[in-house]
Amino acid sequence: MAERVLTRRELNRALLARQLLLERRRLPLPHAVERVGCLQTQYAPSGYVGLWSRVEGFEREALTRALERRSLVQAMIMRNTIHVVSRRDYWPLIIAIREERKVWSRRVQGAKDGELERVARGLKGFLADGPRRQAELAASGFWRPGAAIWVDLVRVPPTGTWERRRADLYGLAEDWVGPEPTLSEDEARAHLVRRYLGAFGPAPRGDLANWAGMRVGALANALEQLPLRRFRDESGNELLDLPRAPLPLAEMPAPVRFLPTWDATLLAHARRTGILPERYRERIFHVRNPQSERTFLVDGEVAGTWRFEHGGVRLTPFGRIPRETRSELNEEADRLAAFHA
């Protein structure tokens, strides 16, 4: 049987549905974060705005409480960047990417055999009595660029939150999250694949690897383990997906939504969905602001940028906003301003 071809608009609506951007949902925060495949949070407020756009009734304090109560964890994970993940997902994702991160460290950072292992042992000993400030770690002699790839660290609240945005307090994951479970690398990578496809699918293997910061071949065994649906995009490329994952109709209306800086829906792995029109990509990702601008969506596509200033949300549209959409956009902007206040 020929594989079904999915149009770009169908892929767009699938992404929006899985990212909770077609409809806000009332979900416990760990479940919401798992549904969207983690939150990228190099800039601490990004996770708060991202959840506000996705979770019905979300209040700022709820994310800080979840981090303090450890139901959510903030750490360097995919692509060696900071993410908020559920406590349940932390160890499977770390185990899935661990060896690939070390391969990258040896190749790109020139890590010599044994050097960073020795640094990691010293760092673990230094943190054995509890979390330490980054300045203390730097003064300890055990802090090196790439050390966090070789020892599992978490950002400890209240640093790295809306209230205290600088993240400069670190602890051992085994103390903060709990001991590492017995889980094989293939099992962990299968878990990573399920999280990605559940949040961003249907998708080609390369996009999955790009998001995870791994080589495509490193995911081959995990992909073979899973019962996956297969589609094609309009160019004939294979797309993988989970059974029974949402595939809304292309005609499904998409509401106005605001995205924070660093939102993973706009990264290169999601090009196939058209959520960020290519003619706008250089206005969103550029040398002066490589982390991406804050954006708003109209009909499922980036239509401009926004900024909170002087107590309000200032909009910079990239083109004409349809009259019937302007009031919806302004109302959502007012709600976002109230969230910031």
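Here the structure is a predicted model, which is why all the values come from computation and not from measurement.

1. Considering a negative patch on the surface
Together, Glu-59, Glu-61, Glu-68 and Glu-163 line one region of the surface with negative charge. Relative to the assigned elements, Glu-163 resides in the loop between strand 5 (153-155) and strand 6 (169-172). In this structure Glu-163 comes out as partly exposed when scored by relative accessible area, which is 47%.

2. Topic: the environment of His-269
Tracing the sequence through the fold places His-269 in the loop between strand 9 (257-259) and helix 13 (278-284). Among the residues examined, His-269 registers a relative accessible area of 1% and is labelled buried. On a C-alpha basis, the gap between His-269 and Leu-6 in space is 17 Å, while along the polypeptide they are 263 residues apart. A polar side-chain atom of His-269 sits 2.9 Å from a polar atom in the side chain of Tyr-196.

3. Re the nonpolar core
Core analysis: the biggest nonpolar cluster contains 59 residues, and Ile-77, Tyr-90, Val-154 and Leu-192 have the highest contact counts within it. Elements with a minimum of two residues in this core: helix 1 (8-18), strand 2 (72-76), helix 5 (87-108), helix 9 (173-176), helix 10 (185-200), helix 11 (205-212), helix 12 (220-225) and helix 13. Here this core gets eight residues from one element, more than from any other, and that element is helix 10. Apart from residues no more than four positions distant in its own chain, Ile-77 is found in contact with His-83, Val-85, Tyr-90, Leu-93, Ile-94, Ile-97 and Arg-101. One finds Leu-27, Leu-72, Val-298 and Ile-321 within the second-largest nonpolar core, a separate group that totals 33 residues.

4. Brief notes about the pairing of strand 8 (residues 238-241)
Relative to strand 8, strand 7 (residues 229-232) runs antiparallel, the two sharing four bridges. By the bridge assignment, Arg-229 is partnered in strand 8 with Asp-241. Connecting strand 7 to the next strand, strand 8, in antiparallel fashion are five residues, including Gly-236 with a positive phi near 90°.

5. A look at unusual backbone geometry
A negative phi angle is the norm for most residues apart from glycine, just as the trans form is the norm for most peptide bonds. Geometrically, the link from Pro-157 to Pro-158 is a cis peptide bond, its omega value of 15° lying close to zero. For Pro-158, the location among the structural elements is in the loop between strand 5 and strand 6. Here the amide bond leading from Gly-201 into Pro-202 is cis, since omega sits at -10°, within 30 degrees of zero. Position of Pro-202 relative to the elements: it lies in the loop between helix 10 and helix 11. Unusually for a residue other than glycine, Arg-79 sits at a positive phi of about 55°. Within the secondary structure layout, Arg-79 lies in the loop between strand 2 and strand 3 (82-86). Even without being a glycine, His-310 presents a positive backbone phi close to 55°. You can call His-310 exposed: its relative accessible area is 82%.

6. Some thoughts on the packing of aromatic side chains
Taken as a whole and assessed by the stated rule, the structure comprises 12 aromatic pairs. Considering the side-chain rings of Trp-52 and Phe-339, the 5.9 Å spacing of their centres and the 35° angle between planes classify their relative orientation as tilted. A residue pair is termed long-range when its members are at least 10 positions apart, and Trp-52 in helix 3 (residues 45-52) and Phe-339 in helix 14 (residues 323-340) qualify at 287 residues. Taking relative accessible area as the criterion, Phe-339 reaches 9% and is therefore assigned buried. Measuring from ring centre to ring centre gives 4.7 Å for Tyr-280 and Phe-318, while their planes differ by 55°; the resulting arrangement is tilted. Taken together, the residues span a long stretch of sequence, with Tyr-280 in helix 13 and Phe-318 in the loop between strand 12 (312-317) and helix 14 at a distance of 38 residues. This pair shows no difference in class: Tyr-280 is buried, exactly as Phe-318 is. Through pairs of rings, three or more aromatic residues link up here, namely Tyr-48, Trp-52, Phe-58, Trp-162 and Phe-339. Here the guanidinium or amino end of Arg-70 rests over the ring plane of Trp-176, the centre of that ring lying 3.5 Å away. The residue whose ring lies beneath Arg-294 is Trp-306, and the NZ or CZ to ring-centre distance is 5.9 Å.

7. Remarks on the side chain of Arg-54
One can find Arg-54 in the loop between helix 3 and helix 4 (60-69). If we skip the residues at most four places from it in the chain, Arg-54 touches Gln-19, Leu-20, Leu-21, Glu-23, Arg-24, Arg-25, Val-36, Leu-259, Asp-263 and Thr-265.

Procedures and definitions
- Numbering of residues begins from 1 in every chain and follows the order in which that chain's sequence is written.
- Local features in a predicted model are, by the rule used here, given only for residues with pLDDT of at least 70; side-chain atom pairs are given and counted only at 80 or more, and totals for whole chains, interfaces and linings are based on all residues.
- With hydrogens and water excluded, all non-hydrogen atoms of the structure serve as input to the side-chain values.
- Like-charged residues are merged into a patch within 9 Å and nonpolar side chains (Val, Leu, Ile, Met, Phe, Trp, Tyr) within 5 Å, provided each residue has over 30% relative accessible area and no salt bridge.
- Here the open area of atoms and residues is found with the Shrake-Rupley method and a 1.4 Å probe, where only the protein chains shown may cover a residue.
- A pair is scored as a salt bridge if a Lys or Arg side-chain nitrogen falls within 4 Å of a carboxyl oxygen belonging to Asp or Glu.
- Note on charges: Lys and Arg go in the positive column, Asp and Glu in the negative column, and His and the chain ends are not counted at all.
- We put the charge of a Lys on NZ, of an Arg on CZ, of an Asp on CG and of a Glu on CD.
- A run of H or I in DSSP becomes a helix once it reaches four residues, and a run of E becomes a strand once it reaches two; helices and strands are each numbered from the N terminus.
- Note on classification: 1.4 Å probe, protein chains only; a residue is buried when its accessible area is under 20% of the maximum for its type, exposed when over 50%, partly exposed between these limits.
- For the purposes of these results, a polar contact is taken to be a pair of N or O atoms within 3.5 Å, where, inside protein, one atom must be able to donate a hydrogen and its partner to accept one; residues adjacent in sequence count only when each atom of the pair is a side-chain atom.
- The definition of a nonpolar core used throughout is a set of buried Ala, Val, Leu, Ile, Met, Phe, Trp, Tyr and Cys residues joined through side-chain atoms within 4.5 Å.
- Note on contacts: a residue pair qualifies if any of its non-hydrogen atoms lie within 4.5 Å across the two residues.
- Any two strands with at least two DSSP bridges between them are considered paired.
- Classification of ring pairs uses Phe, Tyr and Trp, with its six-membered ring standing for Trp, and accepts pairs whose centres are within 6.5 Å; under 30 degrees between planes counts as stacked, over 60 as edge-to-face, and the remaining range as tilted.
- Consider the ring centre and the ring normal. A charge sits over the ring if Lys NZ or Arg CZ is within 6 Å of that centre and within 35 degrees of that normal.

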